[in-house]
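Coordinate inspection notes
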Amino acid sequence: MKQTAPHLETSGHKQTVSREEILSRVQDPAFALVNVMPKEAFESGHIPHSVNLPVAEIETKARQIFPHVAREITVYCAGPT
Amino acid sequence: MGYANVRHYVGGMADWVESGGSVERVESAADSGGPVRNIQAHPPRRLSWANWLDILVNWPLEKLVGFWLAIIIFFGFIYWAAGIGMGWGLLANNTLVKPDLEGLGTAIYFSFVTALSIGYGDVIPLGPLRILAVTEGIAGLLIFGCVISKLVSRRQEELTEEIHRTTFEDRLDRVRTNLHLVFSDLEALDEFNTDHSALTGHVLQRFESSVRVFIGELKTIHDLLYRTRLLPEEDAMESLLANLALCLTFLTELLNSQPQRSQGLTAGLRTIGSLANEICGECVPQTYAPALKQWMDQIQDLAKKIA
C-alpha cells in the first residue's frame, strides 16, 4: 500500500520521526500521531494513541481535527514508502 | 494546507509491528453495540518482575503508600490466621501467640517490623511462616523504595519547573528588549528618511539587520502563542503585542519607500508575513482578553500589507 500524505507535507523538506521518539512521546498531548490509511485498515490495527485521517479525507477533514497550522503532527501509513 | 510542523514516520505499521510495538485494534462488537478497544501486545510482552516494578513506580504516591500498608496488614492477618488454623504461627517471649485480639496486634506489629526490615527479633515466625516473612520483607522494601523514589522525583520535578519558569522569564525579557531596539531603530530610520528615498549603504544594512532581529523575536512570540505551556501575564503579553504591532507599522512605512529589495530582505519579509498572518484573535489556540485579540488582529492586518 503506497500512500503518502501529499497535502500535509511541508514545502520541499520533509522531516522524519524515529520509532523511539514515537514511543517516548506518544502520551504527550502536543504530539499528534496520524494514521493516513483507510478506516478499515486503521481499525484492524494501528499504533496506540493515533488518530485516523485517511488520505482521501485530508483535504476536507484536516482543518477540523487540527485547526492550528502550527500543530506538531506525525503521519504514518502501512509501511516504508 | 499550510501545516508547518508535519513529520513522517517512514517505517509505518510494518516497521512498528516488526520491532515489537503494540498494536491497537477497533472491533465492532454487536452485543455491546459499540466499538470495543482491544489492546494487544505484539508479540505478547511478558510481565516480568521488572515490569511490575515499573507499573508500581508509575502509581501516584498515595496509592503506593496505601498499597504498602495494605500488604503489611494483609500479611499480619495471615500470620495471625496461621495461629488459628494450625495452632502455631508466631513465637513471642517463648510462648505461642494466641489467636485473640492481642495476638492480632502482635501479628500486625511483627508484620510492620518485618516489612520495614527492622527485625527486633522479639517475635519470631515458625516453620513455613518464615518463608512468608522473608517474602514480605522483600516486597515491603521494594515498595518502600518506590515511595522514596517518588518523594525524591517530586522535589526534582518542582526544581525543573522552577528552571523552566526562569528560562521563560528570561526569554520574555529578551523579546521585550529586542523589540524595543528594533522599534527604536525603525523609528530612527523612518525619521531619517523623511523624503522617502531608497535606503542605501550602511543605512540599508542597518535596516536589514533590524529586520533580521525582528524576525527572531516574531518567531519567539509566535511560539509563545502556539506552543508553550506557560503563558505570560496579560499585561506583559499586551505590551509585547503592542510593540510588535508598532514595529510592523514602521516596517510597512519604510518598505513603501523601498521598491528595490535584496533577496535576503524579500525572504525575510515573506517569513514575517507568514508568521504574523497566523497571529490573530481567533486563530491562536488559547483565548485571550479582547484587548489582546485586537492587537493580534492588527498584527494580522499589517502582515497582509507586508505580504
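Everything that follows concerns the structure shown earlier in this document.
A short tour of the structure in this document, coming up. Owing to the predicted nature of the structure, the values given are computational and were not obtained by experimental measurement. (Residues numbered from 1 in each chain as written. Chains lettered and ligands numbered in written order. Predicted model: local features only at pLDDT ≥ 70, side-chain atom pairs only at ≥ 80, totals over all residues. Heavy atoms only, no water.)

This paragraph deals with the overall build of chain A. Summing up its helical and strand segments, chain A has three helices and four strands in all. The N-to-C order of helical and strand elements in chain A reads β-α-β-α-β-α-β. For chain A, the residues scored as buried account for 47% of the 81 residues in total. Counting contacts in chain A only where the partners sit at least 6 residues apart, residues at least 24 apart contribute 53% of the total. (Helix = DSSP H or I, 4+ residues; strand = E, 2+ residues; numbered from the N terminus. Buried < 20%, exposed > 50% of the residue type's maximum accessible area, 1.4 Å probe, protein only. Contact = heavy atoms within 4.5 Å.)

Attention shifts here to the packing of aromatic side chains. Inspection of every chain in the model, using the stated rule, returns nine aromatic pairs over all chains. For the ring pair B:W59 and B:F67, a centre distance of 5.3 Å and an interplane angle of 80 degrees mean the geometry is edge-to-face. Exposure remark for B:F67: the relative accessible area of 31% places this residue in the partly exposed category. Three or more aromatic residues joined by ring pairs make a cluster, and in this case those are B:F74, B:F75, B:Y79 and B:F110. Over the ring of B:W16 we find A:R19, and its NZ or CZ is 5.1 Å from the ring centre. In this structure, B:K63 is placed above the aromatic ring of B:W59, and the distance from its NZ or CZ to the ring centre is 4.2 Å. (Phe/Tyr/Trp six-rings, centres within 6.5 Å; stacked < 30°, edge-to-face > 60°. Lys NZ or Arg CZ within 6 Å of the ring centre and 35° of its normal.)

Below, the discussion takes up the packing of helix α2 (residues 49–58) of chain B against helix α5 (residues 129–192) of chain B. Residue and element names in this part refer to chain B. It is the contact of α2 with α5, at a shortest axis distance of 9 Å, that shows an interaxial angle of 45 degrees. Taken together, α2 and α5 sit at an angle that is classed as oblique. Between α2 and α5 the crossing geometry is right-handed. From α2, L53, L56, V57 and N58 reach across to α5, where they touch L142, I143, C146 and K150. Per-class residue counts for the contact of α2 with α5 are six nonpolar, one polar and one charged. (Axes fitted to C-alpha atoms, helices over the stretch in contact; angles between N-to-C directions. Parallel < 35°, antiparallel > 145°, perpendicular 65-115°, else oblique. Left-handed = near helix turned anticlockwise from the far one by under 90°. Nonpolar A, V, L, I, M, F, W, Y, C, P; charged D, E, K, R; others polar.)

Let us look at the environment of B:R212. Tracing the sequence through the fold places B:R212 in helix α6 (residues 201–226). The sequence separation of B:R212 and B:L269 amounts to 57 residues, and the corresponding C-alpha distance is 9.4 Å.

We now examine a nonpolar patch on the surface. Residue and element names in this part refer to chain B. A cluster of nonpolar side chains, contributed by Y109, L116, I118, Y120, F144, I148, L151 and V152, occupies part of the molecular surface with about 710 Å² of accessible area. No other element matches the four residues that α5 contributes to the nonpolar patch. Of note, L116 is situated in the loop between α4 (101–115) and β6 (123–125). (Patch = residues over 30% accessible without salt bridge, like charges linked within 9 Å, V, L, I, M, F, W, Y side chains within 5 Å. Areas by Shrake-Rupley, 256 points an atom, 1.4 Å probe, with all protein chains shown as cover. Salt bridge = Lys/Arg side-chain N within 4 Å of Asp/Glu carboxyl O.)

Here we take up the interface of chain A and chain B. Listed by partner, the interface residues are 41 residues for chain A and 30 residues for chain B. Summed over both partners, the interface of chain A with chain B buries about 3,400 Å², with 58% contributed by carbon and sulfur atoms. The tally of links from chain A across to chain B stands at two salt bridges. Run the count over chain A and chain B and you get ten residue pairs in polar contact (both at pLDDT 80 or more). Secondary-structure elements contributing two or more residues to the side of chain A that touches chain B are β1 (15–16), α1 (19–25), α2 (39–44), α3 (58–65) and β4 (72–76) of chain A. (Buried area = accessible area lost by both parts, 1.4 Å probe. Polar contact = N/O pair within 3.5 Å; in protein donor to acceptor, adjacent residues only side chain to side chain.)

We now examine the pairing of strand β2 (residues 31–35) of chain A. Residues and elements named next belong to chain A. Of all five residues in β2, five are buried, a share of seventy percent or more. Direction of pairing for β2 relative to β4: parallel, over a ladder of five bridges. Paired with A32 across the bridge in β4 is I73. (Pairing = 2+ DSSP bridges.)

Let us now look at the packing of α6(B) against helix α8 (residues 263–277) of chain B. Residue and element names in this part refer to chain B. Close contact between α6 and α8 brings their axes to 10 Å; oriented N to C, the two are set at 25 degrees. The angle between α6 and α8 falls in the class roughly parallel. Relative to α8, α6 is oriented so that their crossing is left-handed. Residues F207, E208, V211, F214, I215, L218, K219 and H222 of α6 touch α8, and the partners they reach there are L265, G268, T271, I272, L275 and A276. The residue makeup of the contact of α6 with α8, split by class, is nine nonpolar, three polar and two charged.

Before going further, it helps to spend a moment on the sheet that holds strand β1 (residues 6–8) of chain B. Ordered in space as β1(A)-β1(B)-β4(A)-β2(A)-β3(A), the five strands form an open sheet in which the pairing is parallel. Among the strands making up the open sheet, the edge pair consists of β1 and β3 (50–52) of chain A. Of the pairings in the sheet, the one linking β2(A) to β3(A) comprises three bridges and is parallel in character. Across the sheet, A:V34 pairs through a bridge with A:V51, a residue of β3(A).

Residues and elements named next belong to chain B. Along the chain, E191 falls in helix α5. Look at E191 and you get exposed, because its relative accessible area is 57%. Residues E191 and L254 lie 63 residues apart in sequence; the distance between their C-alpha atoms is 9.9 Å.

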